[in-house]
Amino acid sequence: MERLERSGRCLRAALARGRVRRRLPALLIAIAVLGSALKDSELVPDTPLQNKRNPLNVYFVKLAWAWTLWLLLPFIALTTYELSRSKFLHGRARSVLLALRRLGALLVGTAVWYVCTQLFVYVENLTGECSLQPKPGQPPRVYASKRECHQDNGVWNGFDISGHCFLLSYCAMMILEEVAVLEALAIDRGSKLRVVIDVLFVSLCLLTVIWVFMFLCTALYFHDFSQKLLGVLIGLSAWYGTYRFWYLKPFSPGLPLPNIPLSSKKYSYSR
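For every chain, the first residue of the written sequence is number 1, and numbering continues from 1 along that sequence. Side-chain atom pairs in this predicted model are given and counted only at pLDDT of 80 or more, local residue features only at pLDDT of at least 70, and totals for whole chains, interfaces and linings cover all residues. Processing note: side-chain calculations cover all non-hydrogen atoms of the structure and skip hydrogens and water entirely.

A short note on the state of the cysteines
Any two cysteine sulfur atoms lying within 2.5 Å of each other are counted as a disulfide. Evaluation of the coordinates by the stated rule reveals 1 disulfide. Each sulfur of the disulfide joining Cys-130 and Cys-149 lies 2.0 Å from the other. Disulfide Cys-130-Cys-149: the torsion about the S-S bond is 70°, which places it as right-handed. Placement of the pair is Cys-130 in strand 1 (residues 129-131) and Cys-149 in helix 6 (residues 146-151), with a sequence separation of 19 residues. Note on conventions: DSSP H or I runs of at least 4 residues are helices, E runs of at least 2 residues are strands, and numbering of each starts at the N terminus.

Let's talk about helix 8 (residues 192-221)
The span expected for a helix works out to 1.5 Å for each residue beyond the first. Here helix 8 is 30 residues long and its end C-alpha atoms lie 43 Å apart, about the 44 Å a rise of 1.5 Å per residue gives. Trailing helix 8 by a residue or two, His-223 shows a phi angle of about 65°, which is positive.

Quick notes on the UniProt feature "transmembrane region" (unreviewed entry) in the protein
Within this numbering scheme, the UniProt entry marks residues 63-83, 103-123, 199-223 and 229-247 as carrying the feature "transmembrane region" (unreviewed entry). Across residues 103-123, the secondary structure splits into 100% helix and 0% strand, with the terminal C-alpha atoms separated by 31 Å. UniProt positions are given in the numbering used here, feature names are shortened, and annotations may be inferred rather than shown by experiment.

Digging into the packing of aromatic side chains
In this scheme Phe, Tyr and Trp rings, the latter by its six-membered ring, pair at centre separations within 6.5 Å, and the angle between planes marks the pair as stacked below 30 degrees, edge-to-face above 60, and tilted otherwise. For the structure on display, the rule yields 8 aromatic pairs. Ring geometry for Phe-120 versus Phe-166: centroids 5.5 Å apart, planes at 90°, classification edge-to-face. Here Phe-120, found in helix 5 (residues 92-127), pairs with Phe-166, found in helix 7 (residues 163-179); they are 46 residues apart in sequence, far enough to count as distant. Burial classification: accessible surface area is computed with a 1.4 Å probe over protein chains only, and a residue below 20% of its type maximum counts as buried, one above 50% as exposed, and the rest as partly exposed. A relative accessible area of 0% means that Phe-166 is categorised as buried. Ring centres of Tyr-221 and Phe-222 lie 6.4 Å apart, and the angle between their planes is 65°; this geometry places the pair in the edge-to-face category. Its relative accessible area of 18% is what places Phe-222 among the buried residues.

Some details on helix 4 (residues 64-86)
Compared with an ideal rise of 1.5 Å per residue, which puts 23 residues at 33 Å, helix 4 spans 33 Å between its outermost C-alpha atoms and is within 8% of the ideal. Two axes enter the definition of the bend at a residue: one is fitted to the seven residues ending there, the other to the seven starting there, and the bend is the angle between them. A maximum bend of about 25° is found in helix 4 at Leu-72, where proline Pro-74 lies one to four positions downstream. Every buried residue of helix 4 is accounted for by Ala-64, Trp-65, Thr-68, Leu-69, Leu-71, Leu-72, Phe-75, Ile-76, Thr-79, Thr-80, Leu-83 and Ser-84. Close packing links the buried residues of helix 4 with helix 5, helix 7 and helix 8. Contacts: residue pairs with any heavy atoms within 4.5 Å of one another.

If you want it as structure tokens, here you go:
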């Protein structure tokens, strides 16, 4: 329990406050640029991470939105409900409604993930063609999509916007926005709720580290520079368009309570 508490304090100092949130977008763009330069210069050593079947890619990155969704869901629900009751003295019904409203951010994130990934598939199909030798005596076949090409063991050459760069940057920024709520949350030490929130918070922080690390691996081993840069720019635009624009509007899920500015140091998680 004490080790968990110490881990939570250290991670809050690094991630729950505004320093990392302010710097991470520039860091991700820098990683995409420098990683691409190293890849093109063939200075990157061979490692198991260049294999798409490595465990981190298969069990985490391929399921990146699912991991982010299922950890943020209880975290947002519990922290919003507790903050609404303790800081704003709302009743249970009002607090539940506020928690449900904030959970709408996960629906928005799911919609962003689905629309963008479908758009990437559409662009790749629109710009690509299949490299496949026709069988003797048969005319060349025209393939309309990457899936059809792969079914015949062909290689599809199209503009493949990096879905990894998009999703990992978007998930990392979304997590940092949501965990910032801990700067305003006061919970008694040793309470069960405190333990649950600490577990969720530490898990989300570790997940963010994995997302940034796998973003680095993508920059070093996969995709062209333009594909990676466009992917991360779309991910950061999705974050900025929601948390810096739409969530400021009254008809949106809203920002994490109590909508603390990045520079604020007014609140403390402990009491």
